[in-house]
Amino acid sequence: MSYDTVIDQVKALPESALEDVSKYIEFLLYQQEQGRMAPLVESDEVFEQKMERGYADAIEGRVKPLDEVFADLNKRFA
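Residues numbered from 1 in each chain as written. Predicted model: local features only at pLDDT ≥ 70, side-chain atom pairs only at ≥ 80, totals over all residues. Heavy atoms only, no water.

Considering the overall build of the protein chain
The test is simple: Strands here mean DSSP runs of E at least two residues long; helices mean DSSP runs of H or I at least four residues long; both are numbered from the N terminus. Between the two quantities, the radius of gyration covers C-alpha atoms and the globule rule is 2.2 Å times the number of residues to the power 0.38. Computed with the Shrake-Rupley method and a 1.4 Å probe, the accessible areas treat only the protein chains shown as cover for residues. Residues counted as positive are Lys and Arg, residues counted as negative are Asp and Glu, and His and the chain ends are not counted. All charge positions are set by atom: Lys at NZ, Arg at CZ, Asp at CG, Glu at CD.
Secondary structure assignment for the protein chain yields four helices and zero strands. For 78 residues, the compact-globule estimate of 2.2 N^0.38 gives 12 Å, and the C-alpha radius of gyration of the protein chain, at 17 Å, exceeds that figure by more than 25%. Judged by the C-alpha coordinates and their principal axes, the protein chain covers about 45 × 30 × 20 Å. Working note: accessible area of the protein chain is about 6,900 Å², and carbon and sulfur atoms make up 58% of it. Treating the 9 positive side-chain charges of the protein chain as one cloud and the 17 negative ones as another, the clouds have centres 5 Å apart.

Re a nonpolar patch on the surface
Rules: In this analysis, a patch consists of residues with relative accessible area above 30% that form no salt bridge, clustered at 9 Å for like charges and at 5 Å for the nonpolar side chains Val, Leu, Ile, Met, Phe, Trp and Tyr. What makes a salt bridge here is a side-chain nitrogen of Lys or Arg within 4 Å of a carboxyl oxygen of Asp or Glu, nothing more.
Together, Tyr-24, Phe-27, Leu-28 and Tyr-30 line one region of the surface with nonpolar side chains, adding up to about 440 Å² of accessible area. Relative to the helices and strands, Tyr-30 resides in helix 2 (residues 18-37).

Examining the pattern of salt bridges
All chains considered together, the criterion is met by four salt bridges. Between Lys-23 and Glu-19 there is a salt bridge; the shortest N-O distance is 3.3 Å. Of this pair, Lys-23 and Glu-19 both sit in helix 2, four residues apart, which is roughly one turn of the helix. With a shortest N-O distance of 2.8 Å, Arg-62 and Asp-57 are connected by a salt bridge.

Observations regarding the confidence of the model for the protein chain
For the record, the criterion: Summary of the metric used: pLDDT quantifies the predictor's per-residue confidence within the range 0 to 100.
Confidence in the prediction of the protein chain, expressed as mean pLDDT, is 83, and 95% of residues score 70 or more. Within the protein chain, helix 3 (residues 44-59) carries the highest mean pLDDT (88), whereas helix 1 (residues 3-12) carries the lowest (82).

A word on the environment of Val-63
Condition: Exposed residues in this analysis have more than 50% of their type's maximum accessible area, buried residues have under 20%, and partly exposed residues fall in between, with area computed by a 1.4 Å probe over protein chains only.
In this fold, Val-63 is placed in the loop between helix 3 and helix 4 (66-76). A relative accessible area of 55% places Val-63 in the exposed class. In this structure the C-alpha to C-alpha distance between Val-63 and Phe-47, which are 16 residues apart in sequence, comes to 19 Å.

Some points on the environment of Gly-61
By secondary structure assignment, the location of Gly-61 is in the loop between helix 3 and helix 4. Sequence spacing of Gly-61 and Tyr-3 is 58 residues, and the spatial spacing of their C-alpha atoms is 29 Å.

Right, here's the structure in full:
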């Protein structure tokens, strides 16, 4: 199912169902991420280093343009 199809189907739902749909989608994304993260084992120190690098990148303007972020999300759910 494509990202656009999911969006169209969600838009067609009654507003009263949106909270449940949101929770379900969050759950599905959580499960997907758990599968991806399972092989990832890193110490708190390594995690902190990665976070500091990401923060420094953001401060220095080394970020991904928003349209690329949305394009990546669209591919992810296509």
